[in-house]
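Observations on the model geometry
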There are 2 protein chains.
Amino acid sequence: MQRSTIDDVAQAAAVSIKTVSRVLNHEPNVRESTRQRVMAAVESLNYHPSQSARSLAGSRSYVIGLLYNNPSANYMFDLQTGAMERCRQDRFQLIIHDCTRRRQDIAKHALGLIDQTHADGLVLSAPVCDEPLLLDALHQRSVPYVCIAPNQSPHHASYSFMDDRAAAREITDHLLGLGHRRIAVIVGHPDHYSAVQRLLGFKDSMKAAGVEPNMQLQKQGFYDFESGYTATRELLALATPPSAILACNDDMAAGALMAAHEANINVPNDLSVAGFDDTYISKVVWPRLTTVHQPIQEMAKVATDQLIRQLKSGAQSEPKRIDHCLVVRDSTGPAPT
Amino acid sequence: MQRSTIDDVAQAAAVSIKTVSRVLNHEPNVRESTRQRVMAAVESLNYHPSQSARSLAGSRSYVIGLLYNNPSANYMFDLQTGAMERCRQDRFQLIIHDCTRRRQDIAKHALGLIDQTHADGLVLSAPVCDEPLLLDALHQRSVPYVCIAPNQSPHHASYSFMDDRAAAREITDHLLGLGHRRIAVIVGHPDHYSAVQRLLGFKDSMKAAGVEPNMQLQKQGFYDFESGYTATRELLALATPPSAILACNDDMAAGALMAAHEANINVPNDLSVAGFDDTYISKVVWPRLTTVHQPIQEMAKVATDQLIRQLKSGAQSEPKRIDHCLVVRDSTGPAPT
DNA sequence: TTGAAAGCGGTACCAG
DNA sequence: CTGGTACCGCTTTCAA
């Protein structure tokens, strides 16, 4: 019942260990009958190659690192799920690494991780992928990496993304279409590129609709429930409060909803609230949130796919845009007359 | 800028590689001055030992596996966070593994994981830790493991847990204390031991209060939003609906809230709703949920700690109970008269 | 199409 | 207290 090694398999199949290695790595030049004999031995011995030995001897480790820095559990979950799914397909091992609370020495840290684990490459999610020092360091050591929703397109990497600006326009247009003019916006975390893009999209639409910009109706948030809650309380305390609020993610929108409920304001009759991301939370709050579906899981899967392809072929892929879509639910309605 | 090896460090410090190894592993019998020389070399070369080489050569790999099978993102997040925190402390690497959709061959699968990764031990969260075949297999291969909230106490393992039955009694008593008698319960997923314990606790209190059992008011749920929603719709359609609902976790309670809102029933004035777990969701729904705080993160941290200790000393620890506590918020109120 | 032998970067046993 | 050396289980180069 001990772990079996490549030697055991070789012996059982009456071949050399090199041949076993060939079969397992799908290398050419193995007679079909030999291949089958080896596979049978692998099966019967329940053989699983040692990752350590592989990565030590070879140039690949079949390990991919996922670096993140995001406080939202739901976001994280989707990220992981998408990346793991793709990894499993090619029997890669995913190791996840929380980069919160290390900004300065993140490059050094990531390199250390590479040294320790021999990871073949890295998947960088926003906003980790927007650290120039990190990117430089990785490039210098020629560590393959891909990005999810990066800021400016990284020089040396593939990435997946969604069009945040267009999405913001769509949801703002939805609000405008309902007759709202006094629309407040709760901006996302300044470290996230998506936050600035979404704000731009909002402004695009407002301008196109001929609405005068009003800084009183723009509040800084941080992509968390609390900041959405606080911002909304302030907005509602205004002499003339907004008739609609666009929160740049669902957590903040949930906070907005809470503030509205507490102030006894009916959503959507007296106030419309829109979110962003279509995370789990948007389906469980009341009323259910109108939001934009951000395909995080798909984005993670695609980015991981890009990385794995690159590891195999050495070539990078084109940036890949993943479609978003507007999801209209119950938190938005016609502007009060 | 290449990765540096133990040889580089040895050379730089003018000692043998064995001595470097000693220093890095905190082995005794190294002169202080030598130790410092080595550490200086490690620092300046930015040396990070190769995990692969270590696990291949030695008997330890400094890798711990976390096996889970739980659909809730928030639960997962807490689990991971707690385990990772403890791992980081002793520079262990955590690899996480989703066991959903593999029940039958889970034992074989876990063993494969051990073979591949050389993991030193496993942290098993409920309900994975209640698979007898898995536990047997691990024991037979003498793979160290610990459990989080297991069913019957596992024969050969340490574990952390909370007293679900007592917690259920507390929250039921809270409801009873508010004057409720017609209390419905939405039971958790049958695969989870916690679900049966919580139901037992509920029954304990109801019996102690002299309330006749009423199977009409007991609904089977599955620890997800949807099942809580559906169950509540059925409950509200009853000729005489309950005045309070105890949902055995927060997701189901959120579903209950949604159903109540849709039916235009005021919570908590017309209906009280209580949850369980005190996850993120309980703070963002409206009204905020009265619930029981389940210290998942702490439980994960403690279990991981037990495992690491065992790996070091070889000895198991006593099971460790983590305190829960009742969290009264806004979703429960006096029974309507 | 197959095999022999030399490492990969550490640990562990045993000398000195 | 310190160093030499035999592995750990695989991949890779080079012959056969």
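Residues numbered from 1 in each chain as written. Chains lettered and ligands numbered in written order. Predicted model: local features only at pLDDT ≥ 70, side-chain atom pairs only at ≥ 80, totals over all residues. Heavy atoms only, no water.

Glancing now at the pairing of strand β8 (residues 244-247) of chain B. Residue and element names in this part refer to chain B. The side-chain alternation of β8 yields two buried faces, one formed by Ala244 and Leu246 and the other by Ile245 and Ala247. The sheet contact formed by strand β6 (residues 183-187) and β8 spans 4 bridges and is parallel. Paired with Ala184 across the bridge in β8 is Ile245. Pairing of β8 with strand β9 (residues 272-274) involves 3 bridges; the strand directions are parallel. In the sheet register, Leu246 faces β9, and the bridge partner there is Ala274. (Buried < 20%, exposed > 50% of the residue type's maximum accessible area, 1.4 Å probe, protein only. Helix = DSSP H or I, 4+ residues; strand = E, 2+ residues; numbered from the N terminus. Pairing = 2+ DSSP bridges.)

The next subject is empty space enclosed by the protein. By the definition in use, this model includes 7 cavities of 30 Å³ or more. Empty space within the largest cavity amounts to approximately 230 Å³. Taken together, 17 residues make up the lining of the largest cavity; nearest its centre are A:Gln51, A:Val63, A:Thr117, B:Gln51 and B:Val63. Those elements that place two or more of their residues in the lining of the largest cavity are α4 (51-57), β2 (93-98) and α6 (106-117) of chain A together with α4 (51-57) and β2 (93-98) of chain B. (1 Å grid on protein atoms, 1.4 Å probe; cavity = no way out; pocket = protein on both sides within 12 Å on 5 of 7 lines; lining within 4 Å. Points joined across faces, edges and corners; volume = space filled by probe spheres on them.)

On to the domain arrangement of chain A. What the domain assignment lists for chain A is domain 1 (6-46), domain 2 (63-161 + 296-323) and domain 3 (164-294). Using C-alpha coordinates to define each centre, domain 1 of chain A is positioned 34 Å away from domain 2 of chain A. (Domains from an automatic or database assignment.)

What follows deals with the sheet that holds strand β7 (residues 218-220) of chain B. All names here are of chain B. Strands sit in the order β7-β6-β8-β9 across an open sheet of 4 strands; the sheet is parallel. Edge strands, defined here as strands with exactly one partner in the open sheet, are β7 and β9. Averaged over neighbouring strand pairs, the angle between their axes works out to 15° when direction is ignored. For β6 and β7, the ladder comprises 3 bridges, and the chain directions are parallel. Paired with Val187 across the strands is Gln220, a residue of β7. Set on the sheet, helix α8 (residues 164-177) makes contact with β6, β8 and β9; between it and β8 the angle comes to about 175°. (Axes fitted to C-alpha atoms, helices over the stretch in contact; angles between N-to-C directions. Contact = heavy atoms within 4.5 Å.)

What follows is about the relation of the copies chain B and chain A. With an RMSD of 0.1 Å, the operation that places chain B on chain A is a rotation of 180° combined with a shift of 0.0 Å along the axis. The two molecules are tied by a two-fold rotation axis, judged by turn and shift. Ranked by how close their C-alpha atoms come to the rotation axis, the residues of chain B are headed by B:Ser52, at 2.1 Å. Same-surface contact between copies: 100% of interface residues of chain B are shared with the interface of chain A. (Least-squares fit on C-alpha atoms with pLDDT ≥ 70 in both.)

All names here are of chain A. In this model, helix α8 (residues 164-177) (14 residues) spans 20 Å end to end at C-alpha, consistent with the 20 Å of a helix rising 1.5 Å per residue. Looking at α8, one finds that the buried residues are Asp164, Ala166, Ala167, Ala168, Ile171, Thr172, His174, Leu175 and Leu176. Its buried side turned inward, α8 meets β6 (183-187), α9 (193-208), β8 (244-247), β9 (272-274), β10 (291-293) and β12 (325-327). Of the residues trailing α8, Gly179 is marked for its positive phi of about 100°. (Expected span 1.5 Å × (residues − 1).)

All names here are of chain A. Of the consecutive residues Trp286 and Pro287, the connecting peptide bond is found in the cis state with omega at -10°. Within the secondary structure layout, Pro287 lies in the loop between α12 (281-284) and β10. Of note, Asn264 is a non-glycine position whose phi angle comes to about 65°, a positive value. Position of Asn264 among the secondary structure elements: in the loop between α11 (250-262) and β9.

With respect to spatial proximity, 26 residues lie near DNA strand D, and among them A:Ile6, A:Lys18, A:Ser21, A:Tyr47 and B:Thr34 are the closest. Taking the atoms of DNA strand D that fall within 4 Å of the protein, sugar and phosphate contribute 62% of them. With respect to DNA strand D, the side chain of A:Asn25 contributes an N or O atom lying 3.2 Å from a phosphate oxygen. Contacts to DNA strand D include B:Ala57, whose backbone N or O atom sits 3.0 Å from a base oxygen. Every element with two or more residues in the surface near DNA strand D is listed here: α2 (17-24) and α4 of chain A together with α2 (17-24) and α4 of chain B. The residue makeup of the surface near DNA strand D, split by class, is 10 nonpolar, 10 polar and 6 charged. (Near = heavy atom within 4 Å. Polar contact = N/O pair within 3.5 Å; in protein donor to acceptor, adjacent residues only side chain to side chain. Nonpolar A, V, L, I, M, F, W, Y, C, P; charged D, E, K, R; others polar.)

What follows deals with the interface of chain B and chain A. Taken residue by residue, the interface counts 51 residues in chain B and 51 residues in chain A. For the chain B and chain A pair, buried surface summed over both sides reaches about 4,700 Å², with 54% attributable to carbon and sulfur atoms. Remark: the boundary between chain B and chain A carries 2 salt bridges. With its nearest N and O atoms 2.9 Å apart, the salt bridge here joins B:Arg288 to A:Glu262. Here chain B is connected to chain A by 13 residue pairs in polar contact (both at pLDDT 80 or more). Of all the elements in the fold, those that place two or more residues in the side of chain B that touches chain A are α4, α5 (73-89), β2, α6 (106-117), α10 (225-236), α11 (250-262) and α12 (281-284) of chain B. (Buried area = accessible area lost by both parts, 1.4 Å probe. Salt bridge = Lys/Arg side-chain N within 4 Å of Asp/Glu carboxyl O.)

On to the pattern of salt bridges. Per the stated rule, a full pass over the model turns up 36 salt bridges over all chains. Of the charged contacts, one joins A:Arg321 and A:Asp323 as a salt bridge, the two residues approaching to 3.0 Å between their closest N and O atoms. Judged by its relative accessible area of 54%, A:Asp323 falls in the exposed class. One salt bridge connects B:Glu234 with B:Lys219, and the closest N-O pair in it is separated by 2.9 Å. Here the residue B:Glu234 occupies a position in helix α10, and B:Lys219 occupies one in strand β7, the gap between them amounting to 15 residues. Residues joined in a network through salt bridges with shared partners are A:Arg86, A:Asp90, A:Asp305, A:Arg309 and A:Lys312.

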